[in-house]
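Here is what each chain is made of, one letter per residue.
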Amino acid sequence: MSKSGSLHLSPSEYHRHQLQSLQPSLAFDGNDVTAWQSRLRRKLRVLIGDWPRERVPLRPRTLWRRDHALGTIEKIVFTSEPYADVPAYLCLPHNVKAPYPVMICLQGHSTGMHNSIGVSYDDETQPAAVKGDRDFAIGCMRHGVAALCIEQRSFGYRKELKQEKRGSHGCHDATMHALMLGKTLIGERVYDVDRGLDYLAGRKDVDMRRVGVMGNSGGGTISVFAAALLPRLRFAMPSCYFCTFKDSIMSIYHCADNYIPGLAKVAEMSDVMGLFAPRPVVIVAGHDDPIFPIRATRKAFRDLKGIYRAANAADRCHLVVGPEGHRFYADQAWPVMLKEIRKS
Ligand SMILES: [Zn+2]
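What you see is a predicted model, and the numbers here were worked out from it, not measured in a lab.

(A) Up close: the overall build of the chain. A tally of helices and strands in the chain yields eleven helices and nine strands. Here the chain has a C-alpha radius of gyration of 20 Å; the compact-globule value for 344 residues is 20 Å, and the two agree. Seen through its principal axes, the chain has C-alpha atoms that stretch 75 × 50 × 45 Å. The buried share of the chain, reckoned over its 344 residues, is 54%. Restricting the contact set of the chain to residue pairs at least 6 apart, pairs at least 24 apart contribute 72%. Total accessible area on the chain stands at roughly 16,100 Å², and carbon and sulfur atoms take up 52% of it. Across the chain, the 47 positively charged side chains and the 35 negatively charged ones have centroids separated by 4 Å.

What follows is the structure, given as structure tokens:
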């Protein structure tokens, strides 16, 4: 009888072996950037799953509006698609005049978008301390930037209540059901960002030539994919997600909502982010982030920089590394982003 030590019994070991020998078929090849982008973007659009054929009216409704020391905050809800309503906060800063630059702000696995404006989940009139600079909209308003904070599917006020939930991640059912329907949760979340852009485009007080997306962790994920797929986005600031698929998503335990069928066969994460070139990107990372290892993030950034260099935009591709773990680093990231916004 052979000893089990000589046998390969781990399915993950098998997949890692597959990955080692894999050469992504649409990785950047060093040739014409625009032609490569259009090939990979077309493929990615298919892999993230079906989108609705028609855009339904957004029907934005105001739930409340109030003054804040830095601006005004309005809570709205808009209809992304039938049976998918999106709560959001629109935050307009006091210290600059319209039309405002604007960032779409996305929280990750947490109690949701209330963190973006630093209030309690249960009572939005009550201020609440937010760790790791995740009060994104407060950071935006402080710097004269408007914010649209979107509640992502399966998080916060959109967490799953209709299905029994097991395990620590509330996205499991939604992710799996999306896959059975030929969709992905990433695709559905990106679609909500696109509908958020529709909402902003319908306003007179935001500057659609200066619209960006930012978020941490699961918000960083959607910042990357939204940047790759949505041409109206002009800036991107994904935090604590950008890395290599190989060293993070395919090596370390992550929620099922991170996966797109077949993506590793065609591209690495630097290629996906490279679809945003030459538009300005500020990648934010934590030196000690245990789930997006910094060594691999730096490697992926070198590859991304290569794509930006080929697009004659190396100076618009930035990496900011904070000294701690899995969080946003406002003091380091914002000065870099603001310089890009002012240049535009
Ligand atoms: Zn999740």
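(B) Highlighting the pairing of strand β1 (residues 61–68). Strand direction decides the pairing type here: β1 and strand β2 (residues 71–81), joined by seven bridges, are antiparallel. Looking at β2, one finds that arginine 66 is bridged to isoleucine 73. Where β1 hands over to β2, the hairpin turn is made up of two residues, counted between the paired strands.

(C) The arrangement of the coordination of the zinc ion in detail. Bound to the zinc ion are the protein donor atoms His109 (NE2), Cys171 (SG), Cys255 (SG) and Asp257 (OD), situated 1.9 to 2.4 Å from the metal. For the zinc ion, the four donor atoms in the first shell make angles of 95 to 118 degrees at the metal, so the coordination geometry reads as tetrahedral. Mapping the donors of the zinc ion onto the primary sequence yields the spacing H-x61-C-x83-C-x1-D. According to the relative accessible area criterion, cysteine 255 is buried, its value standing at 4%. For aspartate 257, a relative accessible area of 4% translates into the label buried.

(D) Structural detail: the packing of aromatic side chains. Scanning all chains against the criterion turns up seven aromatic pairs. Seen from their ring centres, phenylalanine 28 and tryptophan 36 are 5.0 Å apart, and the 65 degrees between their planes marks the pair as edge-to-face. You can call tryptophan 36 buried: its relative accessible area is 0%. Considering the side-chain rings of tryptophan 64 and tyrosine 89, the 5.9 Å spacing of their centres and the 40 degrees angle between planes classify their relative orientation as tilted. Of this pair, tryptophan 64 sits in strand β1 while tyrosine 89 sits in strand β3 (residues 84–93); the two residues are 25 residues apart in sequence, bridging distant segments of the chain. Given a relative accessible area of 0%, tyrosine 89 falls into the buried group. Over the ring of tryptophan 51 we find arginine 45; its NZ or CZ atom is 4.1 Å from the centre of that ring. It is arginine 66 that lies over the ring of tryptophan 64; its NZ or CZ is 3.7 Å from the centre.

(E) Local environment of the sheet that holds β2. Strand order in the open sheet made by the nine strands is β1-β2-β3-β5-β4-β6-β7-β8-β9, with mixed pairing throughout. What marks the edges here is a single partner per strand, and that holds for β1 and β9 (317–322). Strand after strand, the sheet turns through a mean of 20 degrees between neighbouring axes, direction not considered. As judged from the five bridges shared by strand β6 (residues 206–216) and strand β7 (residues 235–239), these two strands associate in the parallel manner. Bridge assignment links glycine 212 to a residue of β7, and that residue is phenylalanine 235. Strand contacts of helix α6 (residues 218–229): β4 (100–106), β6 and β7, with the helix running at about 140 degrees to β6, the strand carrying the most contacts. Sheet strands touched by helix α10 (residues 294–310): β8 (281–286) and β9. Its angle to β9, the strand with the most contacts, is close to 165 degrees.

(F) Representation of the pattern of salt bridges. By the definition in use, this model includes 21 salt bridges. Note that arginine 65 is salt-bridged to glutamate 74, the shortest N-O span being 3.4 Å. The residue aspartate 192 makes a salt bridge to arginine 153 at a minimum N-O spacing of 2.8 Å. Here aspartate 192 is found in helix α5 (residues 185–201), whereas its partner arginine 153 is found in the loop between β5 (146–150) and α4 (172–180), with 39 residues between them in sequence. You'll find aspartate 192 and arginine 153 in the same group, each marked buried. Taken together, the salt bridges that share partners define one network made up of Arg55, Asp194, Arg195, Asp198 and Arg232.

(G) Inspection of the side chain of lysine 183 at higher detail. The topology assignment puts lysine 183 in the loop between α4 and α5. Lacking a salt bridge, the buried lysine 183 has glutamate 81 as its closest oppositely charged neighbour, with an N-O distance of 4.4 Å. Discounting chain neighbours no more than four positions away, the residues touching lysine 183 are Ile48, Gly49, Asp50, Glu81, Ala178 and Glu188.

(H) Region of the structure containing the nonpolar core. Of all hydrophobic cores here, the largest spans 68 residues; its most connected members are Phe225, Leu263 and Met273. Contact partners of phenylalanine 225, with chain neighbours within four places excluded, come to Leu44, Ile186, Val190, Tyr241, Phe245, Ile260, Leu263 and Val272.

(I) Quick peek at unusual backbone geometry. For the bond from alanine 98 to proline 99, the omega torsion is 0 degrees, close enough to zero to count as cis. Structurally, proline 99 is set in the loop between β3 and β4. A positive phi angle, near 55 degrees, is found at aspartate 133, a position not held by glycine. One can find aspartate 133 in the loop between β4 and α3 (136–142). Looking at aspartate 133, the relative accessible area reads 26%, which means it is partly exposed.

Scoring rules and cut-offs
- Residues numbered from 1 in each chain as written.
- Predicted model: local features only at pLDDT ≥ 70, side-chain atom pairs only at ≥ 80, totals over all residues.
- Heavy atoms only, no water.
- Helix = DSSP H or I, 4+ residues; strand = E, 2+ residues; numbered from the N terminus.
- Rg over C-alpha atoms; globule rule 2.2 N^0.38 Å.
- Buried < 20%, exposed > 50% of the residue type's maximum accessible area, 1.4 Å probe, protein only.
- Contact = heavy atoms within 4.5 Å.
- Areas by Shrake-Rupley, 256 points an atom, 1.4 Å probe, with all protein chains shown as cover.
- Lys, Arg positive; Asp, Glu negative; His and termini not counted.
- Charge placed at Lys NZ, Arg CZ, Asp CG, Glu CD.
- Pairing = 2+ DSSP bridges.
- Donors = N, O, S within 2.8 Å, 3.2 Å for Na, K, Ca; no water.
- Tetrahedral: all angles 85-135°; square planar, octahedral: opposite > 155°, others 65-115°.
- Phe/Tyr/Trp six-rings, centres within 6.5 Å; stacked < 30°, edge-to-face > 60°.
- Lys NZ or Arg CZ within 6 Å of the ring centre and 35° of its normal.
- Axes fitted to C-alpha atoms, helices over the stretch in contact; angles between N-to-C directions.
- Salt bridge = Lys/Arg side-chain N within 4 Å of Asp/Glu carboxyl O.
- Core = buried A, V, L, I, M, F, W, Y, C linked by side-chain atoms within 4.5 Å.

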